[in-house]
Amino acid sequence: MIGMRITGGVLAAGIAATAIACSTAADRTPATAQAAPAAAVASPRPTETLTPILEQPLTNVNGKTFTSAIVDFPPGSHALPHRHGAAFVYAYVLEGTVRSRLAGQQAHEYHQGQYWVEPPGAHHVLTENTSATKPAKLLVIFISNTGDRLKTEDAPTQGTSSTTG
């Protein structure tokens, strides 16, 4: 029960902080933070764009950083299989519908206003916009070790699909 309250509180704080940051970030050119070089992406489908909005050390939790980001999924796009290291991840659907699956779990569709949580070390094997015509957008909150990468894509392997795991 306390864990759910903490999770809800962190998600609510993240949404509020990101809303404030977004209102002042409209002039910024979107970052392509930690995106793979175009030559390294061996997928015919478009991929997502992760744009950090706010990054701030948690002063009361030594060694941890709060980061909020917007993840844009063009129509028909997907994310390559990846991990978020030791980060706790909270993903909230701002727009559209996203299908997501962690290794060892069933795939789920999340619609605008719904969210999911990823524990540290989770292997995210499927993330895709379910629409071929409409974009999807996520607000993602990371509670990570200070200095850690937010996303590490799996090394490409021949003969495997980006949705296996």
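Reference entry: report on the structure contained in this document. (Residues numbered from 1 in each chain as written. Predicted model: local features only at pLDDT ≥ 70, side-chain atom pairs only at ≥ 80, totals over all residues. Heavy atoms only, no water.)

### Looking at the packing of aromatic side chains
And then number 1: Within this structure, the stated rule accounts for one aromatic pair.
And then number 2: Both rings, one in Y110 and one in W116, keep their centres 4.6 Å apart while their planes meet at 35°; by these two values the pair is tilted. (Phe/Tyr/Trp six-rings, centres within 6.5 Å; stacked < 30°, edge-to-face > 60°.)

### Remarks on the pattern of salt bridges
And then number 1: Tallied over the entire structure, the rule returns five salt bridges.
And then number 2: Taking the shortest distance from any N to any O, the salt bridge between E109 and R99 comes out at 2.7 Å. Residue E109 is located in strand 7 (residues 108-111), and its partner R99 is located in strand 6 (residues 97-102); the two are separated by 10 residues in the primary sequence.
And then number 3: The partly exposed category is assigned to E109, whose relative accessible area is 38%.
And then number 4: The partner of E128 in a salt bridge is R99, with the nearest N and O atoms 2.4 Å apart. Here E128, found in strand 9 (residues 123-129), pairs with R99, found in strand 6; they are 29 residues apart in sequence, far enough to count as distant. (Salt bridge = Lys/Arg side-chain N within 4 Å of Asp/Glu carboxyl O. Helix = DSSP H or I, 4+ residues; strand = E, 2+ residues; numbered from the N terminus. Buried < 20%, exposed > 50% of the residue type's maximum accessible area, 1.4 Å probe, protein only.)

### Looking at the side chain of S144
And then number 1: In this fold, S144 is placed in strand 10 (residues 136-145).
And then number 2: Classification of S144 by relative accessible area gives buried; the value is 4%.
And then number 3: What S144 contacts, discounting residues up to four positions off in sequence, is G63, K64, T65, A87 and L150. (Contact = heavy atoms within 4.5 Å.)

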